Amino acid sequence: MSTAEAVHRDLGLTDDEYQAICDRLGREPSYTELAMFSVMWSEHCSYKSSRLHLATLPTEGDRILVGPGEGAGIIEVADGVAVAWKIESHNHPSFVEPFNGAATGVGGIVRDILSMGARPIALMDPLRFGPLDDARTRYVVDGVVHGISSYGNSIGVPTVGGETVFEDCYAANPLVNVACLGVIDTKLMHGRAEKPGQVAVLFGSSTGRDGIGGASVLASAEFDEDSLDKRPSVQVGDPFGEKLLIECSLELISRGLVASFQDLGAGGISCPTSEMTAKGKTGMRVDLDNVHRREPHMEPFEVMISESQERMLAVVEPDDVAEVVAVCGKWDLEARVLGEITSSGNVEVISDQTTVADVPSLALAEEGPVYERPAERPRWIAEVNASAFGDDAPEHYGDTFLRMMSSPQIASKRWIWEQYDHMIFLGTVIGPGGDAAVIRLPGTSTAVAISTDGPGRYCWLDPYEGARLAVAEAARNVAAVGARPTAVTNCLNFGSPERSDVMWQFAEVVRGIGDACRELGTPVTGGNVSFYNETNGQPIYPTPIIGMLGVVGEPAKAVGIGFRDQGDAIMLLGASELDDFGGSDYAKIINDTVGGTPPHLDIAAEQGLHEVLIRGAEVGLFNSAHDLSGGGLAVALAECAFAGDAGFSVQIGGTEPHRALYCESPSRALVSCPQGVVDDVLALAGGAGVAAEVIGAVTADMCDFTVFATPLEEARSAWENGLSAPLSTTMEAG
Amino acid sequence: MSARVGIVVFPGSNCELDCRQSFERLDAVTEFVWHDDDTLPDVDIVVLPGGFAHGDYLRTGALARFSPIMTAVNEHAEAGKLLIGICNGFQVLCEAQLLPGALRKNEGLKFLCKWSELRVDVKGTPFTERADEGQVLRVPINHFEGNWFADGPTLERMRANDQIALRYVDNPNGSLDDVAGITNERGNVLGLMPHPERACDSLLGSEDGALIFGSMLDHVAARTGARL
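None of the values given here were measured: they were computed from a predicted structure.

How each quantity is defined
- Numbers given to residues run from 1 along each chain, matching the order in which its sequence is written.
- Working convention: letters from A go to chains and numbers from 1 go to ligands, in the order in which they are written.
- With pLDDT at 70 or above as the cut-off, local features in this predicted model cover only qualifying residues; side-chain atom pairs require 80 or more to be listed or tallied, and sums for whole chains, interfaces and linings still use all residues.
- Put simply, DSSP H or I for four residues or longer makes a helix, DSSP E for two residues or longer makes a strand, and each gets a number counted from the N terminus.
- Whether two residues are in contact depends on their C-beta atoms, placed from the backbone: they are in contact if these lie within 7 Å.
- Radius of gyration here is computed from C-alpha atoms only, and the compact-globule reference equals 2.2 Å multiplied by the residue count raised to the power 0.38.
- Between the buried cut of 20 or more and the exposed cut of 12 or fewer other C-beta atoms within 10 Å of a residue's own C-beta lies the partly exposed class, and all C-beta atoms are placed from the backbone.
- The axes are straight lines fitted to the C-alpha atoms, using for helices just the contacting stretch, and the angles between their N-to-C directions are given from 0 to 180°.
- Put simply, angles under 35 degrees are roughly parallel, angles over 145 are roughly antiparallel, angles from 65 to 115 are roughly perpendicular, and the rest are oblique.
- Note on convention: near helix rotated counterclockwise from far helix by under a right angle means a left-handed crossing. Clockwise means right-handed.
- Each residue gets one of three labels, nonpolar for Ala, Val, Leu, Ile, Met, Phe, Trp, Tyr, Cys and Pro, charged for Asp, Glu, Lys and Arg, and polar for the others, Gly among them.
- As a per-residue measure, pLDDT reflects the predictor's confidence and takes values from 0 up to 100.
- What makes two strands pair is DSSP finding at least two bridges between them.
- Summarising the geometry, the arc corresponds to the directions from the helix axis toward the C-beta atoms.

### Describing the overall build of chain B
At step 1: Scanning chain B for helices and strands turns up five helices and eleven strands.
At step 2: Projected onto the principal axes, the alpha-carbon positions of chain B cover approximately 45 × 40 × 40 Å.
At step 3: Long-range pairs, those at least 24 residues apart, make up 75% of the contacts in chain B with a sequence separation of at least 6.

### Thoughts on the overall build of chain A
At step 1: Helix and strand counts for chain A stand at 26 helices and 30 strands.
At step 2: Its C-alpha atoms give chain A a radius of gyration of 26 Å, near enough to 27 Å, the size a compact globule of 734 residues would have.
At step 3: If you line up chain A on its principal axes, its C-alpha atoms span 80 × 55 × 50 Å.
At step 4: For chain A, with 734 residues in total, the buried portion stands at 65%.

### Describing the packing of helix α19 (residues 463-480) of chain A against helix α22 (residues 603-618) of chain A
Any two packed helices are characterised by how steeply their axes cross, that is the angle between the axes, and by the distance between the axes.
Residues and elements named next belong to chain A.
At step 1: The geometry of α19 relative to α22 is characterised by a closest axis approach of 8 Å and an angle of 15 degrees between their N-to-C directions. Considering the angle they form, α19 stands roughly parallel to α22. For the element pair α19 and α22, the recorded crossing hand is left-handed. Residue-level inspection shows Ala472, Ala475, Arg476, Ala479 and Ala480 of α19 in contact with α22, the latter providing Glu606, Leu609, His610, Leu613 and Ile614.
At step 2: Its residues placed into classes, the contact of α19 with α22 shows seven nonpolar, one polar and two charged.

### With respect to the packing of helix α7 (residues 98-114) of chain A against helix α8 (residues 135-155) of chain A
Residues and elements named next belong to chain A.
At step 1: Put simply, α7 and α8 touch, their axes get as near as 7 Å, and they point 40 degrees apart. Between α7 and α8 lies a crossing of right-handed hand. Two secondary-structure elements touch here, α7 through Pro98, Phe99, Asn100, Gly101, Ala102, Ala103, Val106, Gly107 and Val110 and α8 through Tyr139, Val140, Gly143, Val144, His146, Gly147, Ile148, Ser150, Tyr151, Gly152 and Ile155.
At step 2: Here the residues of the contact of α7 with α8 are counted per class, giving twelve nonpolar, eight polar and no charged.

### Examining the confidence of the model for chain B
At step 1: Residues of chain B with pLDDT of at least 70 account for 99%, and the chain-wide mean is 94.
At step 2: Across the predicted assembly, pTM comes out at 0.95 and ipTM at 0.96.

### Points about the sheet that holds strand β11 (residues 283-287) of chain A
All names here are of chain A.
At step 1: Sheet architecture is open: seven strands sit in the order β10-β12-β9-β13-β11-β14-β15, paired in mixed fashion. A single partner strand is all that each edge strand has here, and the edge strands are β10 (260-263) and β15 (354-360). Ignoring which end each strand starts from, the neighbouring axes of this sheet average 20 degrees apart.
At step 2: Direction of pairing for strand β9 (residues 199-204) relative to strand β12 (residues 311-316): antiparallel, over a ladder of six bridges. By the bridge assignment for β12, Val201 is matched with Ala314.
At step 3: Along the sheet face, helix α13 (residues 321-330) touches β9, β12 and β13 (334-342) and points at about 150 degrees away from the line of β13.

### Observations concerning the sheet that holds strand β27 (residues 669-673) of chain A
Residues and elements named next belong to chain A.
At step 1: Ordered by their spatial adjacency, seven strands build an open sheet running β25-β27-β24-β28-β26-β29-β30, and the pairing between neighbours is mixed. Every other strand in the sheet has two partners, leaving β25 (624-627) and β30 (709-711) as the edge strands with one partner each. If you compare each strand with its neighbour and ignore which way they point, the axes differ by 25 degrees on average.
At step 2: Where strand β26 (residues 647-650) and strand β29 (residues 702-704) come together, two bridges link them in parallel fashion.

### Some words on the interface of chain A and chain B
Reports of interface size often rely on the accessible area that becomes lost once the parts have come together.
At step 1: If you look at the interface, chain A gives 22 residues, while chain B gives 20 residues.
At step 2: For the side of chain A that touches chain B, the secondary-structure elements that each account for two or more residues are α8, α10 (239-254) and β16 (428-430) of chain A.
At step 3: Residue composition of the side of chain A that touches chain B, by class: eleven nonpolar, seven polar and four charged.

### Things to note about the pairing of strand β8 (residues 175-184) of chain A
All names here are of chain A.
At step 1: Of all ten residues in β8, ten are buried, a share of seventy percent or more.
At step 2: Of the two faces of β8, the one lined by Leu175, Asn177, Ala179, Leu181 and Val183 and the one lined by Val176, Val178, Cys180, Gly182 and Ile184 are each fully buried.
At step 3: The pairing of strand β3 (residues 81-89) with β8 spans seven bridges and is classified as antiparallel. Looking at β8, one finds that Ala84 is bridged to Gly182.
At step 4: Two elements, strand β4 (residues 118-124) and β8, share six bridges in a ladder whose sense is antiparallel. Note on β8: the bridge partner recorded for Leu123 is Cys180.
At step 5: Both strand β5 (residues 127-129) and β8 contribute to a ladder of two bridges, which runs antiparallel.

### Describing the environment of Ala411(A)
Residues and elements named next belong to chain A.
At step 1: Structurally, the position occupied by Ala411 is in the loop between α16 (397-406) and α17 (414-417).
At step 2: For Ala411, a count of 22 C-beta atoms within 10 Å gives the class buried.
At step 3: Ala411 sits 237 residues away from Pro174 along the chain, and the two C-alpha atoms are 19 Å apart.

### As for the environment of Ile570(A)
All names here are of chain A.
At step 1: Relative to the elements of secondary structure, Ile570 occurs in strand β24 (residues 569-573).
At step 2: Taking the C-alpha atoms as reference, Ile570 lies 68 Å from Ser344; in sequence the two are 226 residues apart.
At step 3: If we ignore the near neighbours within four places in the chain, the residues touching Ile570 are Phe648, Val650, Leu670, Ser672, Ile695, Gly696, Ala697 and Val698.

### A few points about helix α2 (residues 15-25) of chain A
Residues and elements named next belong to chain A.
At step 1: Restricting attention to buried positions, one finds in α2 the residues Glu17, Tyr18 and Ile21. Projection of α2 onto a plane perpendicular to its axis shows the buried side chains occupying an angular sector of 105 degrees, all on one side. For α2, exposure combined with an orientation more than 90 degrees from the buried face picks out Asp15, Asp16 and Asp23.
At step 2: Positive backbone phi, approximately 75 degrees, marks Gly26, located one or two places after α2.

### Brief notes about the pairing of strand β23 (residues 543-552) of chain A
Residue and element names in this part refer to chain A.
At step 1: A large share of β23 lies buried, amounting to ten of its ten residues.
At step 2: Neither face of β23 is open: one carries Thr543, Ile545, Gly547, Leu549 and Val551, the other Pro544, Ile546, Met548, Gly550 and Val552, and all of them are buried.
At step 3: Across seven bridges, strand β18 (residues 447-453) lies against β23 in antiparallel orientation. The residue of β23 that forms the bridge with Thr452 is Gly547.

### Brief notes about unusual backbone geometry
Residue and element names in this part refer to chain A.
At step 1: The phi dihedral of Tyr47 is positive, around 55 degrees, even though this residue is not glycine.
At step 2: Inspection of the secondary structure assignment puts Tyr47 in the loop between α4 (43-46) and α5 (51-54).
At step 3: Even without being a glycine, Phe425 presents a positive backbone phi close to 85 degrees.
At step 4: Locating Phe425 in the fold gives a position in the loop between α17 and β16.
At step 5: What makes Phe425 buried here is the crowd of 25 C-beta atoms within 10 Å.

### Some remarks on helix α3 (residues 88-95) of chain B
All names here are of chain B.
At step 1: For α3, the buried fraction is high: eight of the eight residues fall into the buried class.
At step 2: Burial in α3 covers these residues: Asn88, Gly89, Phe90, Gln91, Val92, Leu93, Cys94 and Glu95.
At step 3: Considering only its buried residues, α3 is in contact with β3 (45-48), β4 (82-86), β5 (102-104) and β11 (189-192).
At step 4: Downstream of α3 by one or two residues, Gln97 has phi in the positive range, about 60 degrees.

Right under this line is the structure:
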């Protein structure tokens with residue numbers, strides 16, 4: 001066995017993959033070449049286990065200018081106004097080193113958006129953690145939130161939302177996803193080097209040994225007891241450098257200096273050099289001696305795969321190099337010519353006047369292995385589906401309500417989002433704490449609504465139905481503020497694809513997303529797959545995070561969740577199925593049960609509800625609107641009350657009132673409106689085939705459910721402290 | 001004639017666009033001034049906006065005071081013209097000793113982005129003329145280091161001299177004497193942690209910030225009028 005062959009396994013390549021490389025090259029690869037293949041053929045970069053499934057997703061639509069495969073999807077939201085929208089994961093780095101892992105996750109997605117020529121204008125961070133009674137989890141939560149806050153705030157991009165969920169399965173494998181919205185600044189860019197003779201300029205931070213093997217070693221393998229030793233594979237972020245990179249890149253584009261553009265993320269220099277030339281059917285001669293470095297004596301392979309942050313690659317005309325360097329100099333950024341575009345079809349890497357790699361771009365970027373991995377429905381699913389739903393009635397209604405409101409799952413996430421600058425850019429019409437964030441695009445009268453959602457428990461019980469519910473809820477969130485659901489980005493977080501049960505979950509989730517997106521008319525514009533989210537053989541719940549983008553007609557007409565005027569009618573839209581408790585928050589929090597089957601989604605009912613919400617907002621019928629989700633009607637009512645600083649009185653009856661209070665039937669929303677327009681709302685709902693009834697009215701300071709009543713302040717205090725109290729304990733202990 | 005507002009841009013500033021937008025809503029003419037320049041254009045008002053001037057890996061504002069533009073900013077203030085430092089700009093003004101005291105990490109050791117209420121405790125400054133004495137303004141904060149501190153004699157002198165222009169109604173960060181915004185002795189330099197530029201549009205939740213910017217523009221108009 002040759003030296004290189006013995007080494008490929010350490011780099012994360014299988015024996016078969018190594019053989020495929022030899023076959024493709026007609027020889028054994030050099031060490032540098034092997035390192036390049038190891039990152040480009042990693043699960044993280046090549047999507048080798050997911051590609052066949054992802055190909056089934058709907059990706060086209062009238063408003064979709066750029067679909068999957070580029071830095072970010074591009075959606076036209078008004079005449080001449082286009083936005084970039086994309087989600088990524090940084091799960092493994094964030095567990096190993098929470099602060100820097102989360103921070104560099106923000107940096108990575110921001111550069112994806114920037115690579116399209118878009119100014120990043122909003123971030124969302126969907127997070128999944130273990131239960132807060134564990135000290136390491138509290139450390140991870142604190143580090144992740146601080147990392148996002150530190151990085152996002154410094155680069156001056158508002159973090160406007162993103163849900164946070166606490167669940168046992170994420171204790172040793174937290175999820176840190178991050179979505180970014182951008183608006184095309186002067187020109188839409190593509191990562192495609194099409195013209196031989198042009199040159200590639202590497203600019204931004206220097207290259208060091210940080211983050212070597214991030215894609216192959218960290219992101220593409222599961223965890224075990226030794227995982228924390230992988231800390232050196234986590235990159236270290238420099239948000240100030242990123243801020244300069246944003247301004248500098250946008251200035252280069254606006255001056256017309258850039259022909260094509262790509263960021264450096266996973267895979268380091270290997271990635272854009274091979275991808276841009278593969279897409280453009282060209283090649284590149286890369287001179288590694290021109291890479292500015294932060295430490296001496298780096299091996300060529302290290303330079304090629306280092307994931308040092310805050311770097312970009314711009315392809316420019318040779319005559320423009322001096323001006324490009326000058327603009328970078330103004331922003332205190334180093335810029336050097338990395339190489340020249342050739343017609344060879346190869347990425348040729350030269351170090352110290354020696355060729356250390358010479359491989360076809362296509363082999364690296366597009367001809368990686370594609371696996372149709374075995375997928376089999378696990379037997380335990382039938383048992384779980386036949387088990388108890390956890391819908392037993394509570395002993396005491398008032399206490400149960402307070403327990404629900406104070407559970408970290410439902411409690412206010414203020415402790416998290418107050419650490420994020422969510423207001424910069426003067427675009428945040430509706431910020432964190434609502435159904436969807438509403439962002440006014442700079443210099444326009446257009447706004448978009450964005451929301452993320454990913455119900456892991458539902459997907460564990462039934463991945464197909466759970467995925468449809470995820471899409472539906474994300475769309476409902478957006479419709480609740482009055483926006484029309486338009487496009488989806490998704491981040492698919494799963495266990496190891498080498499397990500047949502996980503692959504079955506994955507296939508079912510992708511099928512569910514595809515069906516729901518087709519039916520709702522919301523194409524998938526891209527996203528990310530994160531496999532290997534398991535530790536010691538225990539995978540996480542299948543957790544697809546759906547990032548929905550909707551278009552808002554007029555920003556001033558966006559509807560918030562807070563009750564407004566005392567005396568307003570409170571109306572419930574949509575039908576309730578009183579046994580929808582499988583995977584519900586009530587079952588989990590009150591009865592400590594996750595079992596049965598999730599609620600069933602009726603797409604027609606969902607679409608009808610969206611029409612009522614969107615049209616009602618357009619004509620100004622609603623003083624508030626809030627979708628029903630985790631915790632059902634009771635939690636939704638309370639959230640509207642807290643946001644609006646008003647109480648309510650509703651009539652909840654039946655022999656088992658907990659069912660109406662906490663069941664989680666989808667396709668429902670709560671609206672409040674002046675008594676005078678109740679008939680208009682009823683007519684609108686009737687026309688759309690949506691059930692609607694007045695269930696009560698907005699009052700002063702009681703949460704009155706008929707079967708029990710709780711003072712607003714008592715309920716609010718439980719809700720406000722549910723998350724902050726356990727997290728503040730660590731601070732005092734420290 | 002519209003007042004001319006120069007907004008100093010350090011490499012890590014990030015509130016400069018917001019300051020421009022909010023001053024322009026009030027019909028001022030704005031211009032960005034790069035920190036590396038050594039002269040100011042002909043402006044009536046200088047703004048040091050929020051952000052992280054040089055990344056602030058060292059103490060906030062510690063490097064910015066050495067930026068070439070700061071000499072001209074100093075001269076602008078010495079000439080009695082209006083200078084406002086918002087958030088990071090306030091930190092820079094303290095480091096540059098254009099304002100007394102220093103800003104420490106928030107008491108809770110957390111970054112805080114939230115709405116705050118400020119009480120106007122000194123009326124008749126060029127920054128508060130449009131407000132009533134005791135009026136409460138709703139303006140957001142957004143900082144990690146907003147916990148202002150000065151020694152006892154300095155605080156006494158500032159109180160006696162009516163330099164504590166704005167106080168928090170509900171102190172969010174441990175700031176001494178609830179200080180949210182202070183002026184220099186002469187009253188032409190204001191540093192404040194809350195962001196008035198984020199409170200100039202009712203769609204975003206408040207227009208109270210426009211009382212501060214508007215007062216500055218009134219002051220400039222009055223001075224210009226007196227000169228004519």
